[in-house]
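Architecture at a glance
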Amino acid sequence: MNNTVVKDVANSVKETVTQSRQIEHLYAGVDTQDGAGVKLTRVLTQKLQERLDPYLMLDNFKSDNPDDYVAGFPNHPHRGFETITYMITGRMRHRDSAGNEGLLQNGGVQWMTAASGVIHSELPEQEDGAMEGFQLWLNLPAKDKMNDPWYKDFQSEDLPKYTTEDGVDVTVIAGTSHGVEGAVTRDITEPTYLDIHLPAGTSFSQAIPADHNAFAFVYRGTVDIEGETVPTKNMAILKNDKDADGVTITADSSEDTKVILITGRPLREPIVQYGPFVMNSQQEIMQAVNDFQSGKFGEEA
């Protein structure tokens, strides 16, 4: 793990993409509510889980109306996967049944491995102002689903960052980009999670292994990927092409753009989800429900 903030190092370890992946499909997401009524857009939905394996869900929340978020996400359980919460703006307090507590603030990331089971809460520590961020669910391999839970907060200053020669600012939440190792790595799913800020008209390229699934979500401005436009609040699923060695993203010439790029190595295991539990069989789901109801996830947060 590398928590050192890095600047202007990409020039010496520049990744060259000779053929970019193309866009397979665009998704605008589904407006919904979760927790105690928090309004959000569910970008990666359950029907896309097999296509975007090892990722299970991506939510985008953004509002300056406290009524949309102030109730937060009170105590709720998880088993079988990891949650990665990236706070763009605002403050969120985390507590869980494993005894962990942390305050997620502007630009920070909370990485929680629920594994065998945890009860946690995520509650805003503000009553007004803007609240914006993402929550991503990353599946765990079957052999790791019943491991002990794990948790770590990364404040903005702890996250590795670099700037390209074109002035593109990149935060490396997970994986490796242009020689910069992210805050978290995983040996099996090999997630890469980048927040990329592109000045108007600039481009950014990222190498992607041919067997990894990949998608990009634009949360400011508009980008072009291989001649196709991706507007704000759209997710582009990138085609799996054995001849493509990465992706090149180009910002519209009229405005600055912000996009998250997420890639990962698929597990190719059965996915059985029941609400906050994701296992490999219906029997394991029934066991998860029984364990939760019998108090085996620990005391509430």
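Residues numbered from 1 in each chain as written. Predicted model: local features only at pLDDT ≥ 70, side-chain atom pairs only at ≥ 80, totals over all residues. Heavy atoms only, no water.

The seven strands are arranged β2-β3-β4-β11-β6-β9-β12 in an open sheet whose pairing can be described as antiparallel. Since the sheet does not close on itself, it has two edges, and those belong to β2 (30–34) and β12 (150–154), each with one partner. Taking each pair of neighbouring strands and ignoring which way they run, the sheet shows an average axis angle of 20°. Alignment of strand β4 (residues 55–63) against strand β11 (residues 131–139), held across eight bridges, turns out to be antiparallel. (Pairing = 2+ DSSP bridges. Helix = DSSP H or I, 4+ residues; strand = E, 2+ residues; numbered from the N terminus. Axes fitted to C-alpha atoms, helices over the stretch in contact; angles between N-to-C directions.)

Here we come to the nonpolar core. Residues Phe134, Tyr193 and Phe215 are the most contacted members of the largest nonpolar core, which totals 28 residues. Membership of the second largest hydrophobic core comes to 24 residues, among which are Tyr162, Leu194, Val218 and Ile225. (Core = buried A, V, L, I, M, F, W, Y, C linked by side-chain atoms within 4.5 Å. Buried < 20%, exposed > 50% of the residue type's maximum accessible area, 1.4 Å probe, protein only.)

As a further point, take the pairing of strand β23 (residues 246–251). Sheet analysis places strand β18 (residues 203–207) next to β23, joined by five bridges and oriented antiparallel. Opposite Gln206, over in β23, you have Val247 as the bridge partner.

Counted as a void, the largest pocket has a volume near 370 Å³. In terms of lining, the largest pocket is formed by 25 residues, of which the most central are Asp34, Arg42, Met57, Asp59 and Trp137. Put simply, the parts of the chain that give the lining of the largest pocket at least two residues each are β3 (38–44), β4, β5 (73–78) and β11. Grouping the constituent residues of the lining of the largest pocket by class yields 11 nonpolar, 10 polar and four charged. (1 Å grid on protein atoms, 1.4 Å probe; cavity = no way out; pocket = protein on both sides within 12 Å on 5 of 7 lines; lining within 4 Å. Points joined across faces, edges and corners; volume = space filled by probe spheres on them. Nonpolar A, V, L, I, M, F, W, Y, C, P; charged D, E, K, R; others polar.)

It is worth spelling out helix α1 (residues 282–293) at this point. Under the 1.5 Å per step criterion, the end-to-end length of α1 is 17 Å for 12 residues, consistent within 8% with the ideal 16 Å. Those residues of α1 lying buried are Ile285, Ala288, Val289 and Asp291. Buried residues in α1, looked at end-on, bunch into an arc of 165°, giving them a common side. Across α1 from its buried face, at more than 90 degrees, point the exposed residues Gln283, Met286 and Gln293. Residues of α1 that are buried sit in contact with β25 (272–274) and β26 (277–279). Two residues or fewer past α1, Gly295 is found with a positive phi of approximately 85°. (Expected span 1.5 Å × (residues − 1). Arc of directions from axis to C-beta. Contact = heavy atoms within 4.5 Å.)

Looking now at the packing of aromatic side chains. Within the structure shown, the criterion is met by eight aromatic pairs. When the ring of Phe277 is compared with that of Phe297, the centres are 5.9 Å apart and the planes differ by 80°; the resulting orientation is edge-to-face. Of this pair, Phe277 sits in strand β26 while Phe297 is found in the segment after α1, placing the two residues 20 residues apart along the sequence. Residues Phe277 and Phe297 agree in their burial class; the two are buried. Taken together, the aromatic side chains of Phe134, Phe217 and Tyr219 make up a single cluster linked through ring pairs. Its end group placed over the ring of Trp150, Arg186 keeps NZ or CZ at 5.3 Å from the ring centre. (Phe/Tyr/Trp six-rings, centres within 6.5 Å; stacked < 30°, edge-to-face > 60°. Lys NZ or Arg CZ within 6 Å of the ring centre and 35° of its normal.)

Below, the discussion takes up empty space enclosed by the protein. Overall, the coordinates contain one cavity of 30 Å³ or more when judged by the stated rule. Taken as a whole, the largest cavity spans an internal volume of roughly 40 Å³. Around the largest cavity sit Val38, Lys39, Phe61, Lys62, Ser63, Asp68, Tyr69 and Met131, which together line it. Going through the elements one at a time, β3 and β4 are the ones with two or more residues in the lining of the largest cavity. With three residues, β4 is the single largest residue contributor to the lining of the largest cavity. Residue composition of the lining of the largest cavity, grouped by class: four nonpolar, one polar and three charged.

It is worth spelling out the environment of Ser253 at this point. Tracing the sequence through the fold places Ser253 in the loop between β23 and β24 (257–264). Residues Ser253 and Val223 lie 30 residues apart in sequence; the distance between their C-alpha atoms is 9.2 Å. Not counting the four nearest positions on each side in its chain, Ser253 is found in contact with Ala200 and Gly201.

Right, let's talk about the pattern of salt bridges for a bit. The tally for this structure, following the rule as stated, stands at 12 salt bridges. Note that Arg79 is salt-bridged to Asp291, the shortest N-O span being 3.1 Å. Here Arg79 is found in the loop between β5 and β6 (81–89), whereas its partner Asp291 is found in helix α1, with 212 residues between them in sequence. Note on Arg79: relative accessible area 4%, which makes it buried. The partner of Lys296 in a salt bridge is Asp291, with the nearest N and O atoms 3.9 Å apart. Bridged by salt links that share partners, the residues Arg93, Arg95, Glu101 and Glu125 form one connected network. (Salt bridge = Lys/Arg side-chain N within 4 Å of Asp/Glu carboxyl O.)

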